[in-house]
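# Structure at a glance
Chain by chain, the residues:
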Amino acid sequence: MESLFEQMGGTYSEVNGYLIPDLKFPEQDRSFFSRYGRLHLKFIKENKRGFYTSLLMTGKLNQYLAEVDKTAHELLKQLINQIAKQQGVTEQLKIDDQIKWVGLMNNIKSCAEEVVFREVIYV
C-alpha cells in the first residue's frame, strides 16, 4: 500500500536501511534585492521564523524580498524629494554651496531611511 506521500508523487531513497523522503525545495525566483531586502531578510529570519520558513518552502522568498526592496527604494526616493522640497534644498543651492547641499541631503537621507526602516523593513 502506498503512503500519502507516494500518492502525491513523492519518492524515497534508502540510506543505511532507512527510507528517507526525497524532499526538494521549489525552484527559487532569481529576483535581485539589495541592502533593504537583505535587512528585511535578517529581520524575518530572527523575528518571524514561521513566515520566513513558509516563504522559503513555497519558493517565494526571493520574490517577496525583491518586492520589499523595491517598496523601500520607492518610499525613500519619495521621502527625500518631499523633505528636500520642504526644506528648500534646491539645485541652485547645489550650484551655490555644494558643501552645504551635501550636508543637508545626507541629513535628509538619514531621516528618510529612519522612516523606511520603521515602516517597511522592521515590520
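To start, this report covers the structure provided alongside it. (Residues numbered from 1 in each chain as written. Predicted model: local features only at pLDDT ≥ 70, side-chain atom pairs only at ≥ 80, totals over all residues. Heavy atoms only, no water.)

## So, the overall build of the protein
Secondary structure summary: the protein contains six helices and two strands in total. For the protein, the sequential pattern of α-helices and β-strands runs α-β-β-α-α-α-α-α. Here the C-alpha radius of gyration of the protein, 23 Å, is well above what a compact globule of 123 residues would show, namely 14 Å. Each of the three principal axes of the protein carries a C-alpha extent, and together these read 80 × 25 × 25 Å. Counting only residues that meet the buried cut, the protein has 28% of its 123 residues in that class. Considering only intrachain contacts with a sequence separation of at least 6, the fraction spanning at least 24 residues in the protein is 64%. Of the roughly 9100 Å² that the protein leaves accessible, carbon and sulfur atoms contribute 55%. Each charge class in the protein can be summarised by its mean position, and for the 16 positive and 16 negative side chains these summaries are 7 Å apart. (Helix = DSSP H or I, 4+ residues; strand = E, 2+ residues; numbered from the N terminus. Rg over C-alpha atoms; globule rule 2.2 N^0.38 Å. Buried < 20%, exposed > 50% of the residue type's maximum accessible area, 1.4 Å probe, protein only. Contact = heavy atoms within 4.5 Å. Areas by Shrake-Rupley, 256 points an atom, 1.4 Å probe, with all protein chains shown as cover. Lys, Arg positive; Asp, Glu negative; His and termini not counted. Charge placed at Lys NZ, Arg CZ, Asp CG, Glu CD.)

## Re the environment of M8
Relative to the assigned elements, M8 resides in the loop between α1 (4-7) and β1 (12-15). As a C-alpha pair, M8 and F33 span 25 residues in sequence and 34 Å in three-dimensional space.

## Remarks on helix α6 (residues 98-121)
Among the residues of α6, those classed as buried are W101, M105, I108, A112, E113, V116, F117, V120 and I121. As for α6, its buried residues are in contact with α2 (35-47), α4 (61-86) and α5 (91-96).

## With respect to the packing of α2 against α6
Here α2 crosses α6 at 45°, and the two axes come no closer than 11 Å. Taken together, the axis directions place α2 and α6 in an arrangement best described as oblique. Regarding α2 and α6, the two cross each other, and that crossing is right-handed. Together, R35, Y36, L39, H40 and F43 of α2 and E113, F117, V120 and I121 of α6 make up the contact between the two elements. Across the contact of α2 with α6, the residue classes break down as six nonpolar, one polar and two charged. (Axes fitted to C-alpha atoms, helices over the stretch in contact; angles between N-to-C directions. Parallel < 35°, antiparallel > 145°, perpendicular 65-115°, else oblique. Left-handed = near helix turned anticlockwise from the far one by under 90°. Nonpolar A, V, L, I, M, F, W, Y, C, P; charged D, E, K, R; others polar.)

## Focus on the side chain of D69
Within the fold, D69 resides in helix α4. The side chain of D69 sits in the buried core without any salt bridge; R38 is the nearest counter-charge, 6.9 Å away. If sequence neighbours within four positions are ignored, D69 has contacts with F33, S34, R35, Y36 and G37. (Salt bridge = Lys/Arg side-chain N within 4 Å of Asp/Glu carboxyl O.)

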